[in-house]
Amino acid sequence: MADSRDLSRRTLLAGAGAGLGALAGDATRSSLAQAGPGSKGPAWSAEYGAKKGDVSLALYRKRSGRPKPGERPLPVLFLVHGSSISAKSSFDLAVPGKGEYSLMNVFAGYGFDVWTMDHEGYGKSSRTDGNSDIASGVEDLKAATEVVARATGRARFHFYGGSSGALRAGAFAMARPDRVDRLVLEAFTWTGKGSPTLGKRAEQLEYYRTHSRRPRGRDMIRSIFTRDKPGTSDPAVAEALADAELQFGDTIPTGTYLDMTANLPVVDPLQVKSPVLVLRGEHDGIATEDDLLDFYRRLPNPDRQFIVLAGASHAIALGLTRSQLWHVVRAFLTLPKAEA
């Protein structure tokens, strides 16, 4: 029997055509940019659109080279952003003179077809009266993955979620296990018990319940890098992130903050069937190590890993230890299958 990730010739050609812009209404524009470590050429990038009812969702794609008709599709990695920052600011940030900070560039260079998306109310996606909570994020991912499947010819993808993006990715893995290959939960929280960050955040619980958006400015973005352990990131990153993100306005949705302070747990480990990497920064205040280990022990798939990155805080992907993050995620996503 063929491997489930192999595709029929018809599906393969359909996926390749989509990558070349054949999906009317999905692909919007493409360009070439420098790829990340290990790249054999410039990264090809494109923007796509998905619809969730009346809501328009902006998707972004990078891979090493333009898709070619008849080629075997690359493994797909979908990156899911968190509460305070949209997709490209999270995963495709340029920090001039400070080295590589784009997770999309890095994993495109490693040979992945990398995608991400602005959730409802973020970035270039529709701004609505909704609060973009975890349940809404799952519906966003359902709509987006239909576009990814058509564009790539792949039915199953790897997922990487950071912070509340990990909650979105984990909840999606429960709802659509058929779409999930391997799952990385970075800066994840399960019950929130003992979390200093969530304890502080809960002081504003009534505001989150009565407002669909909350204020977000340069100082708030700077605090992402300093609230746990100052010195775990380059100050220039916070400024570049604020420059990239504040073009989308000074408010963001409250839904994930409400879920994380009042509605945890939103992911049931017993219902996550895929292989899972739980990844925590040593100084991350969003969840205690005990909380995450309790979640990890309940995961039913024996193909699972728990890794703590020394010296890292909450924003691992934009911190000084980010190359260690690249290493452990790449190793997990490319782990050889056990011999029969």
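The structure under discussion appears in the preceding block.
Residues numbered from 1 in each chain as written. Predicted model: local features only at pLDDT ≥ 70, side-chain atom pairs only at ≥ 80, totals over all residues. Heavy atoms only, no water.

Novice: Lay out the side chain of H158 with the relevant residues and their values.
Specialist: In this structure, H158 sits in strand β8 (residues 157–162). At 3.3 Å, the side chain of H158 and the backbone nitrogen of R182 are in polar contact. Not counting chain neighbours up to four residues away, the residues in contact with H158 comprise P75, V76, L77, F78, F112, D181, R182 and L333. (Helix = DSSP H or I, 4+ residues; strand = E, 2+ residues; numbered from the N terminus. Polar contact = N/O pair within 3.5 Å; in protein donor to acceptor, adjacent residues only side chain to side chain. Contact = heavy atoms within 4.5 Å.)

Novice: Help me get a handle on helix α10 (residues 255–262), residues and values and all.
Specialist: In terms of burial, α10 is largely enclosed, as seven of its eight residues are buried. For α10, the full list of buried residues reads G255, T256, Y257, L258, D259, M260 and T261. (Buried < 20%, exposed > 50% of the residue type's maximum accessible area, 1.4 Å probe, protein only.)

Novice: Please set out the environment of S132 residue by residue, giving values where relevant.
Specialist: Within the secondary structure, S132 is located in the loop between β7 (113–117) and α4 (134–152). For S132, a relative accessible area of 2% translates into the label buried. As a C-alpha pair, S132 and G121 span 11 residues in sequence and 6.6 Å in three-dimensional space. Among all residues touching S132, those that are not within four sequence positions of it are H119, E120, Y122, R168, P253, G255 and T256. There is a polar contact of 2.8 Å between the side chain of S132 and the backbone oxygen of E120.

Novice: Run through the packing of α4 against helix α5 (residues 164–175), naming residues and quoting values.
Specialist: For any two helices packed against each other, one specifies the inter-axial angle together with the distance between the axes. Contact geometry for α4 and α5: axes closest at 9 Å, N-to-C directions at 65°. Between α4 and α5 the crossing geometry is right-handed. Contact residues: I134, G137, V138, L141, K142 and T145 in α4; S164, L167, R168, A169, A171, F172 and A175 in α5. Its residues assigned to classes, the contact of α4 with α5 comprises eight nonpolar, three polar and two charged. (Axes fitted to C-alpha atoms, helices over the stretch in contact; angles between N-to-C directions. Left-handed = near helix turned anticlockwise from the far one by under 90°. Nonpolar A, V, L, I, M, F, W, Y, C, P; charged D, E, K, R; others polar.)

Novice: Report on the pattern of salt bridges, specifying residues and quantitative values.
Specialist: Think of it this way: side chains of opposite charge can pair up when their charged atoms draw near. One pass over the structure, following the stated rule, counts 20 salt bridges. Residues K124 and E47 are paired through a salt bridge, measuring 3.4 Å at the closest nitrogen-oxygen approach. Here K124 is found in the loop between β7 and α4, whereas its partner E47 is found in strand β2 (residues 43–52), with 77 residues between them in sequence. Its relative accessible area of 45% is what places K124 among the partly exposed residues. Here the salt bridges share partners, and the residues they tie into one network are R218, D219, R222, E239 and D243. (Salt bridge = Lys/Arg side-chain N within 4 Å of Asp/Glu carboxyl O.)

Novice: Just give me the short version of the packing of aromatic side chains, but keep the residues and values in it.
Specialist: On inspection of all chains with the given rule, the structure shows 12 aromatic pairs. Between Y48 and W115, the ring centres sit 4.7 Å apart and the planes meet at 45°, which makes this aromatic pair tilted. Residue Y48 is found in strand β2, and its partner W115 is found in strand β7; the two are separated by 67 residues along the sequence. Judged by its relative accessible area of 0%, W115 is buried. Both rings, one in F157 and one in F159, keep their centres 6.2 Å apart while their planes meet at 50°; by these two values the pair is tilted. Grouping residues by exposure puts F157 and F159 together as buried. Over the face of the ring belonging to Y101 we find R322, whose NZ or CZ atom lies 3.6 Å from the ring centre. If you follow R330 out to its NZ or CZ, it ends over the ring of Y110, 4.0 Å from the centre. (Phe/Tyr/Trp six-rings, centres within 6.5 Å; stacked < 30°, edge-to-face > 60°. Lys NZ or Arg CZ within 6 Å of the ring centre and 35° of its normal.)

Novice: With reference to specific residues and values, describe the packing of helix α8 (residues 218–226) against helix α9 (residues 235–245).
Specialist: The contact between α8 and α9 brings their axes to 9 Å, and the two run at 140°. In this view, α8 runs oblique relative to α9, as classed from their interaxial angle. The two elements α8 and α9 cross, and the hand of that crossing is right-handed. Of the residues in α9, those in contact with R218, I221, R222 and F225 of α8 are V237, A238, E239, L241, A242, D243 and E245. Looking at side-chain class alone, the contact of α8 with α9 contains six nonpolar, no polar and five charged residues. (Parallel < 35°, antiparallel > 145°, perpendicular 65-115°, else oblique.)

Novice: Before we move on, can you summarise α8 with the specific residues and values?
Specialist: Working note: α-helix, 3.6 residues per turn, so residues spaced by three or four point in the same direction. Buried within α8 are the following residues: M220, I221, I224 and F225. Considered in projection along α8, the buried side chains sweep an arc of 155° and stay on one side of the axis. Turning to α8, the residues buried within the fold contact β10 (213–215), α9 and α10. (Arc of directions from axis to C-beta.)

Novice: Account for the environment of F225, with residues named and values stated.
Specialist: Mapped onto the secondary structure, F225 falls in helix α8. F225 sits 94 residues away from G319 along the chain, and the two C-alpha atoms are 8.1 Å apart. If we skip the residues at most four places from it in the chain, F225 touches P230, T232, S233, V237, A238, L241, A315 and L318.

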